[in-house]
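Okay, here's what each chain looks like letter by letter:
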Amino acid sequence: MSIIDARVRLPQELRPSQTYAAPRRQTEQYDKVLQLTDKMNTGRFADLLQVMEDEGIDQAVMHAESEGGESADALNEALCQVLAEHPGRFTGIGCVDIADARPTQISRQTASIAGLGLLGITLQPAFFGLDIDDRRLYPMYSRAEELGLIVAVHTGVTYSRLHPLRHERPELLDQVACDFPDLTLIACHAGWPWVTEYCAVARRHPTVYLEFGALAPKYVARAGTGWDTLFGMMPNVLRDQVLYGSDWPMMSPARAITEWRASGLPDAALQALFHDNASRLFGLMGASQ
């Protein structure tokens, strides 16, 4: 089965700042739970290429996300360099500067992303003290909808101790989907602990996709972990709205793929998760079946 990884990160070594840095209170619990800083600083592009080869990952969607003060323009430029040097292996999702959330600037950056040929925008509003539906982000959503760009939004639990969980509640993404009905939205990390509510948002909005980056599939498949509703809908009503993503280097694609295959999902659901949904969403029709 051909695989498309819907979420890998722009390697730190290819970023203008080659060492990952963010506020201590933002990273301390991430480092305890997920070894964030170490993985970001040791994940090498050569390793990503090798695991893609080993696991049959034909294509990957690379995100130029910023969790600190890195320049969005510089990150987007670095991402475009990767795409130019590896045609057919990667497609790109750019980022905008939301640290000061100036609506006009963000709107202009959105147009610039489209001009670069990138497919969308990835952002983490909570890391900057913003709700998903903050009015300062609305010019960006509007421009993205107009230009046909995808918007990938961090949802669900954040281990940052600087920012409250309420910034990522499902009704906030639902509001954006209501206000921009033709805008395609990806709920990155699939919204735990509000899994049932995020399922409801996706069920009522065909434009909303749920993606599993940095999550261990064995827990998604395990009863009682809070993922029961979504796992039960993946073979049926939400089969066409879920995306496999590793969030490399946060999760090894080899581990994620192995655990998904052992999860008990039927073959048709795995085909949709691993390939068909991403192929359709990102226009990757060149990916082999």
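Everything quoted here is computed from the prediction, not taken from an experiment. Sequence positions are assigned chain by chain, starting from 1 and proceeding in written order. Per-residue local features of the predicted model are confined to residues with pLDDT of at least 70, and side-chain atom pairs are confined, for both listing and counting, to 80 or more; whole-chain, interface and lining totals are unaffected and use all residues. The side-chain quantities take in all heavy atoms of the structure and omit both hydrogens and water.

> I'm lost on the sheet that holds strand 6 (residues 185-188) in this one. Help?
Backbone hydrogen bonds hold the strands of a sheet together, and the pairing may be parallel or antiparallel. Strands are treated as partners if at least two bridges between them are detected by DSSP. By definition, any uninterrupted DSSP run of H or I lasting at least four residues is a helix, any uninterrupted run of E lasting at least two residues is a strand, and each is numbered from the N terminus. Within the open sheet, the eight strands sit side by side as 1-2-3-4-5-6-7-8. Their pairing is parallel. The open sheet is flanked by strand 1 (3-9) and strand 8 (242-243), the only strands paired with a single partner. Direction of pairing for strand 3 (residues 90-94) relative to strand 4 (residues 120-123): parallel, over a ladder of two bridges. Note on strand 4: the bridge partner recorded for Ile 93 is Gly 120. Contact definition: two residues touch when any of their heavy atoms are within 4.5 Å. Every angle, taken between N-to-C directions, lies between 0 and 180 degrees, and every axis is a line fitted to C-alpha atoms, over only the stretch in contact when it is a helix. Sitting on the sheet, helix 3 (residues 45-55) touches strand 1, strand 2 (57-63) and strand 3, and the angle it makes with strand 2 is about 145 degrees.

> Help me understand the pairing of strand 2, please; the structure alone is not making it clear to me.
The two faces of a sheet get side chains in turn, since along a regular strand they alternate between them. Where burial is concerned, most of strand 2 is hidden: six out of the seven residues are buried. In this structure, strand 1 lies alongside strand 2, joined through five bridges in parallel fashion. When the sheet's bridge partners are listed, Ile 4 is paired in strand 2 with Gln 59. With four bridges connecting them, strand 2 and strand 3 associate as parallel partners. Residue exposure (1.4 Å probe, protein chains only): buried if accessible area is under 20% of the type maximum, exposed if over 50%, otherwise partly exposed.

> Just to check I follow, could you spell out the pattern of salt bridges for this structure?
Close approach of charged atoms allows side chains of opposite charge to pair. Here a salt bridge means any side-chain nitrogen of Lys or Arg lying within 4 Å of a carboxyl oxygen belonging to Asp or Glu. On inspection of all chains with the given rule, the structure shows 16 salt bridges. Between Arg 7 and Asp 247 there is a salt bridge, and its shortest N-O distance comes to 3.0 Å. Residue Arg 7 is found in strand 1, and its partner Asp 247 is found in the loop between strand 8 and helix 11 (253-261); the two are separated by 240 residues along the sequence. As far as the burial class goes, Arg 7 and Asp 247 line up, both buried. Salt-bridge contacts for Arg 255 lead to Glu 259; the nearest nitrogen and oxygen are separated by 2.8 Å. Linking Arg 255 with Glu 259, this pair stays in helix 11, spanning four residues, or about one helical turn.

> I'm lost on the side chain of Gln 109 in this one. Help?
Here Gln 109 is to be found in helix 5 (residues 103-115). Polar contacts involving the side chain of Gln 109 include one to the side chain of Asp 97, which spans 2.8 Å. Beyond its immediate stretch of four places on either side in the chain, Gln 109 contacts Ala 72, Asp 73, Val 96 and Asp 97. Any N or O atom pair separated by 3.5 Å or less is treated as a polar contact, with the protein-specific requirement of one donor-capable and one acceptor-capable atom, and with residues adjacent in sequence counted only for side-chain atom pairs.

> Can you help me understand helix 3 in this one?
Residue pairs three or four apart in sequence face the same way in an α-helix, which turns once every 3.6 residues. Turning to helix 3, its buried residues are Phe 45, Leu 48, Val 51 and Met 52. For helix 3, the angular spread of buried residues about the axis comes to 125 degrees, placing them on one side. Facing away from the buried surface of helix 3 by more than 90 degrees, the exposed residues are Ala 46, Glu 53 and Asp 54. Turning to helix 3, the residues buried within the fold contact strand 1, strand 2, helix 4 (72-85), strand 3 and helix 11. Directly beyond the C-terminal end of helix 3, a positive phi value near 70 degrees is found at Gly 56. The arc under discussion is defined with respect to the helix axis, by the directions toward the C-beta atoms.

> What exactly am I supposed to notice about the packing of aromatic side chains here?
Aromatic rings in a pair are described by how distant their centres are and how their planes are angled relative to each other. Two rings from Phe, Tyr or Trp (for Trp, the six-membered ring) form a pair when their centres sit within 6.5 Å of each other. Planes less than 30 degrees apart are called stacked, planes more than 60 degrees apart edge-to-face, and all others tilted. Counting across every chain of the model gives nine aromatic pairs. Their ring planes at 45 degrees and their centres at 5.9 Å tell us that Tyr 141 and Phe 180 sit as a pair that is tilted. Linking Tyr 141 in helix 6 (residues 138-147) with Phe 180 in the loop between helix 7 (170-179) and strand 6, this pair joins segments that are 39 residues apart in sequence. Its relative accessible area of 0% is what places Tyr 141 among the buried residues. With relative accessibility at 7%, the residue Phe 180 sits in the buried group. Ring pairs connect the aromatic residues Tyr 30, Phe 127 and Tyr 159, which therefore count as one cluster.

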